[in-house]
Amino acid sequence: MKSEHPVQKRSAQPRLLLSAISLAVLTLANQAAAQNASDDANMTRVEVTGSSIKRVANEASLPVTTVKAEDLVKQGMTTLADFMMALPQSASLAPSNAGSGTNINLRGLGVNRTLVLLNGRRLANEAIADGYANLDVIPMSAIARVEVLRDGASSIYGSDAIGGVVNFITKTQFEGTQLTAQAVQPEKKGGGDEQRLTATWGKGNLERDGWSFYATIDAHQRSRLAASDRAYLSSVEKLTALGRAPTLGTGGNATPANFTTPTNKNAQNPYAASGCLAPYSIVGQKGTCVLDANEYGTALYANQQVTFYARGNYKISEDHVISVDYSRGEEFIKATRNPTNALAVNGVAPILPSTSKWYPGGSGGVPAVAGLNGAPLTLTWAVADLGLATTKDVQLNQRLAVSDEGTLAGWDYKAGLVIGISNRDNYYYDGYVKGQGLLDGLKNGKLNPFGLQDAEGKAYLDSISVDGAKNRTSKSTFTGIDITASRALTELPGGSLALAIGADLHRDTTEDTKLAVVSDVTYANTSPSHGEGARNVAAVFTEINAPITKTLELNGAVRADHFSDFGTTVNPKISFRWEPSKQLMFRGSANTGFRAPTLFDAYGYRLPGATGLTAAKWDDPVLCPGGTPGVAGTGTALPGYVASTVCNTTLPKQTGSNAGLKPEKSKGYTLGVVMEPIKNSMISLDYWNIRMTDMLANLPEQVYFLYPQQYASYFVRNADRTINYINNTTMNLGGQKAAGVDVSGSYSFPKTAYGDFKVSIDGTYLTQFDNQLYAGSPFVSNIGQFGLASNGTTSSFPIITYRWKHTAKLNWAKGNWNMQLTQNYNSKYTDQNLVAKQYWRNINSYKQWNYTATYNGFKNMQVVAGITNLFNAPPPATNSSLYSFGYLSSAASPIGRAYNVRVTYNF
């Protein structure tokens, strides 16, 4: 993207304002004054996201939202995840606890349908799913602006850009040295604090010296926020009021362990009468103990990123510039879950024999239990001594891009080579042991399942630990070359008829291996596996831009992609821009899309059995019948089955690839208007509509349990009728219909002696978001309620779509001061309500206010200070069991009010 030169403005102020509103300008608002009409001939032509034709920036018309780096600073943002959550067109999950990092989900259509670019070109995708980019590895300190194209761009960038395009554009050059330090401190005690350090150095000016170079390194970390740090959000009282009382659990894995005998399948516990050994467990139903979620839960995982970016430019001649940039982003996330459970190995359950000193009533001091006659005990035990079971997920994403850009024989051209490599490794970090070792330790009497271990027990746990072992390694690569050329063909009444042609060729590869050690770690509930795949994509495309008159401009583009594994697809796009007056402009576009299954979807690991557990607790519809469909804890275990293993419990499920997938297709269009009703104001309305067929996704968990008869074939059972696994692999569902209106407005008040004031709002109103589970089935609305389609391959959580979402800003500036008050708003929601009917409820609208002040009065220094969540609004409460801590983490952070300070010094 060429951005070295400032974009000069047209002489007509209304025209300038309209173009700014249309948000299609590549570099806006760097100059406040309008230029003379005589400057028009010298305007720099630039390339706008969504088009391959260079033009004067304020002639572009596509619905593009541009957010400058200084806007991120003014809003107190520390990461690109903050930007993603505030973007009204995004339905992304909140700061990610997943090892995949942070991803962006435009329109709620799924992260695999949002194309992420760095300087107009792709990165290597996150290594396991290989279908989307991890924003955490993008160098935030190098970003100059972010451009969000809010309609499909399959005809320009690739057939998979169904939901839109997010283009992160870096600074072209930088001179001097700059240091930045930033800290975020929550008001409430506990974790969730953040620190960030940035150093940038550059030398040379491309226009003055013919070359330039700069490099920046950015380090950020966030500490773990435990559920106990915000215990009031998920207390027993809070969850009980939501219909999810933790004390309704019966006999699951806990410390002290619950047990059954060969003749009594009702769980018992020797310590239930005395309180279940707090803080590890609380008293459950029928004389059992259950884990205390607040003791072990994690509200936000520990996270750390270190990114590096370097760019060099060299002007070969006045018409040719060579650029080389390299980025390196490394991230780790420490993910936690409840303490390791002692689980069955090869069908043999954890057994405590009467010979163990820890047998109730034995020499170890465990209280006797009436009715025991020396029969072996089958245990459900969570090993409290090991603490949280923690994995460390490490990602390393590297990208080298070489670009040649200039003018040749009257053509503007750019050519590039991109090499991207994404690695991801997962380690058992703490609290994991060999499953067979636990069973052996119970059998030989060294391990005490009813309390903390003595010295011998601790030594034994150390001897079977696998902490530090790598359990999974994955790699994806992207290698591509591209060339685009554009030029004016002839003059039309409205300007130059321009043509662009281009081609690109790229290769994607993926490789994912679960190592042999996972066989030993029963609690990981997976098996060794290996999957790999590769795909070559060759494309040609063309675009033509025709200014028919001074007020009407038409644009058409078409792209043909050939996939080595899914054949050829051709996707056109047309758009128009009509400006009947200086205060009114209409615009619109129509396009098609085609998304092949990701390499993971088609070629990832395939295992014969379970690869994990459900995210929420459910009743087995066959072995725990009689309850309300989808409402856990309402069924009754059949005779001979342990209630805690078939009722209100997590169940084994199978995820992975599906060789039978076919591509999904889409059609979309937009129609918009931009108005200047009064001076210094703007209003824009853009209606968008997207239709998809053969949607690629995995089913949300609740579908299986709401409609157990319809999906009975997805429950694969063992000979004893227990669930071997639930098939939750990626599949082709039915269709999806999404539509809405993007609303933007701003007004700059007349200048006053008290400073300059400006208000703005950017929001999205959904008119339709319907999902179809399979072809021919009814479409069901997802607006303002938990949907029946998932976010794609990253999660089986249902899509969360708000009827209305906006960001509103009030800005004041005077001299060296700039202050901004920001409101992020999500409209009300119907809760999932898979609980008893008396607990059905709605989720209220959520409003978070942020305040930031910037001061530039110190020499060479900028100070930014602010308050995030100014009024300390708690995250919305939910009765969905998918959100294990009782609040909607996809809507808001549990951190609460936090103080943010940022200092930048320029040498």
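See above for the structure.
Since this is a predicted model, take the numbers as computed values, not measurements.

Rules used throughout
- Residues numbered from 1 in each chain as written.
- Predicted model: local features only at pLDDT ≥ 70, side-chain atom pairs only at ≥ 80, totals over all residues.
- Heavy atoms only, no water.
- Buried < 20%, exposed > 50% of the residue type's maximum accessible area, 1.4 Å probe, protein only.
- Helix = DSSP H or I, 4+ residues; strand = E, 2+ residues; numbered from the N terminus.
- Pairing = 2+ DSSP bridges.
- Contact = heavy atoms within 4.5 Å.
- Disulfide = S-S within 2.5 Å.
- Core = buried A, V, L, I, M, F, W, Y, C linked by side-chain atoms within 4.5 Å.
- Phe/Tyr/Trp six-rings, centres within 6.5 Å; stacked < 30°, edge-to-face > 60°.
- Patch = residues over 30% accessible without salt bridge, like charges linked within 9 Å, V, L, I, M, F, W, Y side chains within 5 Å.
- Areas by Shrake-Rupley, 256 points an atom, 1.4 Å probe, with all protein chains shown as cover.
- Salt bridge = Lys/Arg side-chain N within 4 Å of Asp/Glu carboxyl O.

**Q** How should the pairing of strand 3 (residues 64-68) be read in this particular structure?
**A** Every regular strand shows the same layout, with side chains that alternate between the two sheet faces. Counting buried residues along strand 3, 4 of its 5 residues qualify, which places the element largely inside the surrounding structure. As judged from the 5 bridges shared by strand 3 and strand 6 (residues 143-149), these two strands associate in the antiparallel manner. If you follow threonine 65 over to strand 6, its bridge partner there is valine 148.

**Q** Teacher, can you tell me more about helix 7 (residues 435-443) here?
**A** Along an α-helix, a turn takes 3.6 residues, which lines up residues three or four apart on a common side. Residues of helix 7 that are buried: Gly435, Gly437, Leu438, Leu439, Gly441 and Leu442. Its buried side turned inward, helix 7 meets strand 18 (341-342), strand 19 (351-352), strand 20 (377-382) and helix 8 (455-463). Trailing helix 7 by a residue or two, glycine 445 shows a phi angle of about 85 degrees, which is positive.

**Q** Please clarify how the state of the cysteines should be interpreted in this entry.
**A** Defined simply, a disulfide is a covalent bond joining two cysteines at their sulfur atoms. For the structure on display, the rule yields 2 disulfides. Linked covalently through their sulfurs, cysteine 276 and cysteine 289 form a disulfide whose S-S length is 2.0 Å. Linking cysteine 276 and cysteine 289, the disulfide has an S-S dihedral of approximately -85 degrees and is accordingly described as left-handed. Of this pair, cysteine 276 sits in the loop between strand 12 (258-260) and strand 13 (281-283) while cysteine 289 is found in strand 14 (residues 289-291), placing the two residues 13 residues apart along the sequence. Cysteine 289 matches cysteine 276 in its accessibility class, with the two residues each being buried. Each sulfur of the disulfide joining cysteine 624 and cysteine 647 lies 2.0 Å from the other. Where cysteine 624 bonds to cysteine 647 through sulfur, the torsion about that S-S bond is close to 115 degrees, and the disulfide is right-handed. Taken together, the residues cysteine 624 in the loop between strand 29 (612-613) and helix 10 (643-646) and cysteine 647 in the loop between helix 10 and strand 30 (652-654) connect sequence positions 23 residues apart.

**Q** I tried to follow the nonpolar core on my own but got confused; where do I start?
**A** Taken as a class, soluble globular proteins show a tendency for nonpolar side chains to be buried jointly. The biggest cluster of nonpolar side chains holds 37 residues, and the ones touching the most others in it are Leu699, Tyr704, Phe705, Ile726, Phe769, Phe786 and Leu888. Those elements that place two or more of their residues in this core are strand 32 (681-693), helix 11 (701-706), strand 35 (723-727) and strand 38 (756-771). Beyond its immediate stretch of four places on either side in the chain, tyrosine 704 contacts Leu699, Tyr711, Tyr714, Phe715, Ile726, Asn727, Asn728 and Met731. Counting 23 residues, the second-largest nonpolar core is a separate cluster that includes Leu80, Met85, Ala86 and Leu106.

**Q** What is the right way to look at the pairing of strand 31 (residues 664-675) in this model?
**A** As judged from the 12 bridges shared by strand 28 (residues 584-595) and strand 31, these two strands associate in the antiparallel manner. Directly across from phenylalanine 594, in strand 31, lies its bridge partner lysine 665. Here strand 31 runs beside strand 32; their pairing, made up of 11 bridges, is antiparallel. Within strand 32, the residue paired with lysine 667 across the bridge is arginine 691. Where strand 31 folds back on strand 32, the antiparallel hairpin that results is connected by 5 residues, among which asparagine 680 adopts a positive phi of roughly 65 degrees.

**Q** How do you make sense of the sheet that holds strand 29 when you look at a structure like this?
**A** Think of a sheet as strands paired side by side through backbone hydrogen bonds, with each pair either parallel or antiparallel. Pairing is mixed across the open sheet formed by 4 strands, whose spatial order is 29-30-35-34. Both outer strands of the open sheet, strand 29 and strand 34 (715-717), are each paired with one neighbouring strand and no more. Pairing of strand 30 with strand 35, which is carried by 2 bridges, proceeds in the parallel orientation. Looking at strand 35, one finds that glutamine 654 is bridged to asparagine 727.

**Q** I tried to follow the environment of phenylalanine 749 on my own but got confused; where do I start?
**A** Within the fold, phenylalanine 749 resides in the loop between strand 37 (736-748) and strand 38. We classify phenylalanine 749 as partly exposed; its relative accessible area is 39%. A sequence separation of 244 residues divides phenylalanine 749 from leucine 505, and the C-alpha atoms of the two residues are 50 Å apart.

**Q** How do you make sense of the sheet that holds strand 4 (residues 114-118) when you look at a structure like this?
**A** The sheet built from 5 strands is open, its strands ordered 3-6-7-4-5 with mixed pairing. Because the sheet does not close on itself, it has two edges, and the strands there are strand 3 and strand 5 (121-122). With 6 bridges connecting them, strand 6 and strand 7 (residues 164-170) associate as antiparallel partners. Looking at the pairing, glutamate 147 lines up with asparagine 167 of strand 7.

**Q** Honestly, the packing of aromatic side chains in this entry has me stumped. Any pointers?
**A** The description of an aromatic ring pair uses the distance of the two centres, along with the angle that the planes make with each other. What the rule picks out here adds up to 23 aromatic pairs. Taking 4.8 Å as the distance between ring centres and 40 degrees as the angle between the ring planes, the aromatic pair formed by tyrosine 428 and tyrosine 432 counts as tilted. Each member of the pair, tyrosine 428 together with tyrosine 432, is buried. Between the aromatic rings of tryptophan 817 and tyrosine 855, the centroid separation amounts to 4.7 Å while the plane-to-plane angle is 45 degrees, which identifies the pairing as tilted. One end of the pair, tryptophan 817, is in strand 41 (residues 817-826); the other, tyrosine 855, is in strand 44 (residues 846-855), and 38 residues separate them in sequence. Its relative accessible area of 21% is what places tyrosine 855 among the partly exposed residues.

**Q** Quick question: what am I supposed to make of a nonpolar patch on the surface here?
**A** Residues Val324, Leu400, Val402, Leu417, Ile419, Ile481 and Leu505 make up a contiguous nonpolar surface patch of roughly 500 Å² in combined accessible area. For the nonpolar patch, the secondary-structure elements that each account for two or more residues are strand 21 (389-408) and strand 22 (411-430). Tracing the backbone through its elements, the reader meets leucine 400 in strand 21. Since its relative accessible area comes to 34%, leucine 400 is described here as partly exposed.

Such coordinate-based values are descriptive only and should not be taken to indicate function.
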